[in-house]
Amino acid sequence: MSKPQNDSLFEAPPMGEQERMVEAILFATAEPVTVNELIGRMPHGCDPAEAIAYLRKRYEGRGINVVKIGDAWAIRTAPDLGFLMQKETVETRKLSRAAIETLAIVAYHQPVTRAEIEEIRGVSVSRGTVDQLIEMEWIRFGRRKMTPGRPVTFVVTQGFLDHFGLENARDLPGLKELRSAGLLENRPPPGAVGLGEKEPDDEEDDDQTELFED
């Protein structure tokens, strides 16, 4: 009886060894890694997607988990143990109310143009607000919209998803959840500024939040 021919001249390492390789790469890399990037680093014939599936199951219930962020993978602290890492925070950056509102609109309405952000907020968006969010790498430029003028759009980044422990933007809480948590009012805020008017000086706003950390 003839032996079956291998599809490849080189035999792939055992799956257990592939798991160790993926584990080592994810542990040593700060940024999330895609499957294609893993394929490029690992020996020929490896199946990193399958290795991730085994590795993810092996880390269930542990202090660290293998999590999907966008289309990439990373090793992160288990969500319920995040409080243990609070002392590791070096710097807390405050976001203005305008920046928080703009970030929320981009997250829930992406891809969204500046004009659409202003229409939803009911106030013009300063360039500094957008620049700050881009500098923090929480939003980025998306594709241009197929409308007159071809305006550029904004979308959230993989860094934003990673920071808040989200696999994708669809994992954001819904309006009902936000209202039940007391984070969203059913009525418009008092003294809402009309469209086209300048937004108040964010630097002098004492209601800035420290919920967002760099």
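If you're wondering where the values come from, they're calculated on a predicted model, not measured in any experiment.

**Looking at the overall build of the chain**
Working step 1: Each helix and strand in the chain was counted, giving eight helices and six strands.
Working step 2: Each helix and strand of the chain, placed in order from N terminus to C terminus, yields the pattern α-β-α-α-β-β-α-β-α-α-β-β-α-α.
Working step 3: Across the chain, contacts joining residues at least 24 apart in sequence account for 57% of those joining residues at least 6 apart.

**As for the nonpolar core**
Working step 1: Ranked by size, the top nonpolar core spans 22 residues in total, and within it Leu 95, Leu 103, Val 106, Ile 117, Ile 139 and Phe 160 carry the most contacts.
Working step 2: At the level of secondary structure, the elements contributing two or more residues to this core comprise α4 (97–109), α6 (127–135), β6 (152–156) and α7 (158–163).
Working step 3: Broken down by element, this core gets its largest block of residues, five residues, from α4.
Working step 4: Met 42, Ala 51, Leu 55 and Val 66 belong to the second largest nonpolar core, which has 14 residues in total.

**So, the packing of α4 against helix α5 (residues 114–121)**
For any two helices packed against each other, the geometry is given by the interaxial angle and the distance between the axes.
Working step 1: At a minimum axis distance of 10 Å, the contact between α4 and α5 shows a crossing angle of 115°. Relative to α5, the element α4 lies roughly perpendicular. The handedness of the crossing between α4 and α5 is right-handed. Of α5, the residues touching α4 (which contributes Ala 98, Glu 101, Thr 102, Ile 105, Val 106 and His 109) are Ile 117, Ile 120 and Arg 121.
Working step 2: Here the contact of α4 with α5 is composed, by residue class, of five nonpolar, two polar and two charged.

**A word on the pairing of strand β3 (residues 72–77)**
Working step 1: As paired strands, strand β1 (residues 33–34) and β3 are joined by two bridges and run antiparallel to one another. By the bridge assignment for β3, Thr 34 is matched with Ala 72.
Working step 2: Bridge count between strand β2 (residues 64–69) and β3: six bridges; the pairing is antiparallel. Bridge pairing in β3 places Val 67 opposite Ala 74.
Working step 3: From the end of β2 to the start of β3, which pair antiparallel, there are two residues, and Gly 70 there has a positive phi angle of about 65°.

**Focus: the side chain of Asn 168**
Working step 1: Along the chain, Asn 168 turns up in the loop between α7 and α8 (175–180).
Working step 2: Here Arg 170 takes part through its backbone nitrogen, which lies 2.9 Å from a polar atom of the side chain of Asn 168.

**Observations regarding the sheet that holds strand β4 (residues 112–113)**
Working step 1: The strand order across the open sheet built from three strands is β4-β6-β5, with neighbouring strands paired in antiparallel fashion. On the outer flanks of this sheet lie β4 and β5 (139–144), each paired with one strand and no other.
Working step 2: Note that β5 and β6 share four bridges and pair antiparallel. Pairing of Arg 140 across the sheet is with Val 155, part of β6.
Working step 3: Most of the contacts of α4 go to β6, to which it runs at about 90°, and overall it touches β4, β5 and β6.
Working step 4: Contacts between α6 and the sheet are confined to β5 and β6, with β5 contributing the most and set at about 105° to the helix.

**Remarks on the sheet that holds β3**
Working step 1: Strand order in the open sheet formed by three strands is β1-β3-β2, with antiparallel pairing between adjacent strands. The open sheet has two free edges, formed respectively by β1 and β2, since each of these has just one partner strand.
Working step 2: Contacting β1, β2 and β3, helix α1 (residues 15–28) crosses the sheet at an angle of about 70° to β3.
Working step 3: Packed on one face of the sheet, helix α3 (residues 48–58) meets β2 and β3 and runs near 135° to β2.

**Some words on a nonpolar patch on the surface**
Working step 1: A cluster of nonpolar residues, Phe 83, Leu 84 and Met 85, forms a patch on the protein surface that exposes about 310 Å² of accessible area.
Working step 2: Relative to the helices and strands, Met 85 is located in the loop between β3 and α4.

Procedures and definitions
Residues numbered from 1 in each chain as written. Predicted model: local features only at pLDDT ≥ 70, side-chain atom pairs only at ≥ 80, totals over all residues. Heavy atoms only, no water. Helix = DSSP H or I, 4+ residues; strand = E, 2+ residues; numbered from the N terminus. Contact = heavy atoms within 4.5 Å. Core = buried A, V, L, I, M, F, W, Y, C linked by side-chain atoms within 4.5 Å. Buried < 20%, exposed > 50% of the residue type's maximum accessible area, 1.4 Å probe, protein only. Axes fitted to C-alpha atoms, helices over the stretch in contact; angles between N-to-C directions. Parallel < 35°, antiparallel > 145°, perpendicular 65-115°, else oblique. Left-handed = near helix turned anticlockwise from the far one by under 90°. Nonpolar A, V, L, I, M, F, W, Y, C, P; charged D, E, K, R; others polar. Pairing = 2+ DSSP bridges. Polar contact = N/O pair within 3.5 Å; in protein donor to acceptor, adjacent residues only side chain to side chain. Patch = residues over 30% accessible without salt bridge, like charges linked within 9 Å, V, L, I, M, F, W, Y side chains within 5 Å. Areas by Shrake-Rupley, 256 points an atom, 1.4 Å probe, with all protein chains shown as cover. Salt bridge = Lys/Arg side-chain N within 4 Å of Asp/Glu carboxyl O.

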